[in-house]
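# Fold and geometry: a report
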Amino acid sequence: AFGARTAPVEDPVSATLDEIKAAAERGLPRAQFQLGLKFLYGEGVEDDIKTASIWVTKAANGGHSEAQYFLGMVNTADDPKAASEWYGKAGEQGHVKASAKLGEMYSEGKTGKADYIRAHRWYLQAAEKGHVLSQFAVGSFYENGLGVEQNFFEAAKWYTKAANQREPQAQVNLGNLYLRG
């Protein structure tokens, strides 16, 4: 709990700013991340990007996957290597969007040469959890033999999953697979 209130530690969103600060100072990563966001957006405190960065980084280093994903996003444009490291930490914890971003980074060669085997691994992790664009990407990898052996049945399986979530390009690609037999 955050001090005298009975708000659970897992839910600092419903806690007061003082309770979040106290929990963050005690080393609780979720509270650290919430406090970092409060400083970033000036919610109840003066906005301060340096202080925000300190708290978000503490949360990320403490294993908070959402903070790790956040740092991945922040670093994507200027430091793709750092972004991929943060996405990797979050992805290893099952963070779906981080896994999808890693798939994208590896497939597009944003950290060096394109690595379709790694890209497929990360896309597959996100696709298995229902991430529609990752399902489409996995289908495309199977259709084109990128990082995996070409397999039209697997391509159709993943395109179908994405098409069922109304992904238009997956619907087109699935139709083309059926058209070509």
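Structure's up top.
These lines cover the structure that appears in this document, whether it is placed above or below.

Calculation criteria
Residues numbered from 1 in each chain as written. Predicted model: local features only at pLDDT ≥ 70, side-chain atom pairs only at ≥ 80, totals over all residues. Heavy atoms only, no water. Helix = DSSP H or I, 4+ residues; strand = E, 2+ residues; numbered from the N terminus. Rg over C-alpha atoms; globule rule 2.2 N^0.38 Å. Buried < 20%, exposed > 50% of the residue type's maximum accessible area, 1.4 Å probe, protein only. Areas by Shrake-Rupley, 256 points an atom, 1.4 Å probe, with all protein chains shown as cover. Lys, Arg positive; Asp, Glu negative; His and termini not counted. Charge placed at Lys NZ, Arg CZ, Asp CG, Glu CD. Axes fitted to C-alpha atoms, helices over the stretch in contact; angles between N-to-C directions. Parallel < 35°, antiparallel > 145°, perpendicular 65-115°, else oblique. Left-handed = near helix turned anticlockwise from the far one by under 90°. Contact = heavy atoms within 4.5 Å. Nonpolar A, V, L, I, M, F, W, Y, C, P; charged D, E, K, R; others polar. Expected span 1.5 Å × (residues − 1). Polar contact = N/O pair within 3.5 Å; in protein donor to acceptor, adjacent residues only side chain to side chain.

### Focus on the overall build of the protein chain
- Along its length, the protein chain carries ten helices and zero strands.
- Its helices and strands in sequence order give the protein chain the pattern α-α-α-α-α-α-α-α-α-α, from N to C terminus.
- What you see for the protein chain is a C-alpha radius of gyration of 20 Å, clearly larger than the 16 Å of a compact globule of 181 residues, by over 25%.
- On the principal axes, the C-alpha backbone points of the protein chain span a range of 65 × 35 × 25 Å.
- Looking at the protein chain as a whole, 43% of its 181 residues qualify as buried.
- Looking at the protein chain as shown, the accessible area adds up to about 9800 Å², and 51% of this sits on carbon and sulfur atoms.
- Across the protein chain, the 20 positively charged side chains and the 22 negatively charged ones have centroids separated by 3 Å.

### A closer look at the packing of helix α3 (residues 49-61) against helix α4 (residues 65-75)
- Here α3 crosses α4 at 125°, and the two axes come no closer than 7 Å. Of the possible angle classes, the one that applies to α3 and α4 is oblique. Handedness of the crossing formed by α3 with α4: left-handed. Residues V56, T57, A59 and A60 of α3 touch α4, and the partners they reach there are A67, Q68, F70 and L71.
- Grouping the constituent residues of the contact of α3 with α4 by class yields six nonpolar, two polar and no charged.

### Brief notes about the environment of A31
- The topology assignment puts A31 in helix α2 (residues 29-41).
- On the basis of relative accessibility, which here comes to 1%, the residue A31 falls in the buried class.
- Separated by 149 residues in sequence, A31 and R180 place their C-alpha atoms 54 Å apart.

### Here we look at the environment of Y116
- Examined against the element boundaries, Y116 turns out to sit in helix α7 (residues 116-127).
- Among the residues examined, Y116 registers a relative accessible area of 33% and is labelled partly exposed.
- Once you skip the residues sitting within four places of it in the chain, Y116 turns out to touch S107, F141, L146 and G147.

### What about the environment of T57?
- Within the secondary structure, T57 is located in helix α3.
- Sequence spacing of T57 and G36 is 21 residues, and the spatial spacing of their C-alpha atoms is 8.5 Å.

### Here we look at unusual backbone geometry
- Even without being glycine, R166 reaches a positive phi, approximately 70°.
- Along the polypeptide, R166 turns up in the loop between α9 (152-163) and α10 (168-180).

### Remarks on α7
- Helix length check: α7 (twelve residues) gives 15 Å between terminal C-alpha atoms against 16 Å at 1.5 Å per residue, within 8%.
- Here α7 has its buried residues at A119, H120, W122, Y123, A126 and A127.
- Contact partners of the buried residues in α7: α5 (80-92), α6 (96-108), α8 (132-144) and α9.
- One side-chain oxygen at the N-terminal end of α7 lies 3.3 Å from the backbone nitrogen of I117; it belongs to D115.

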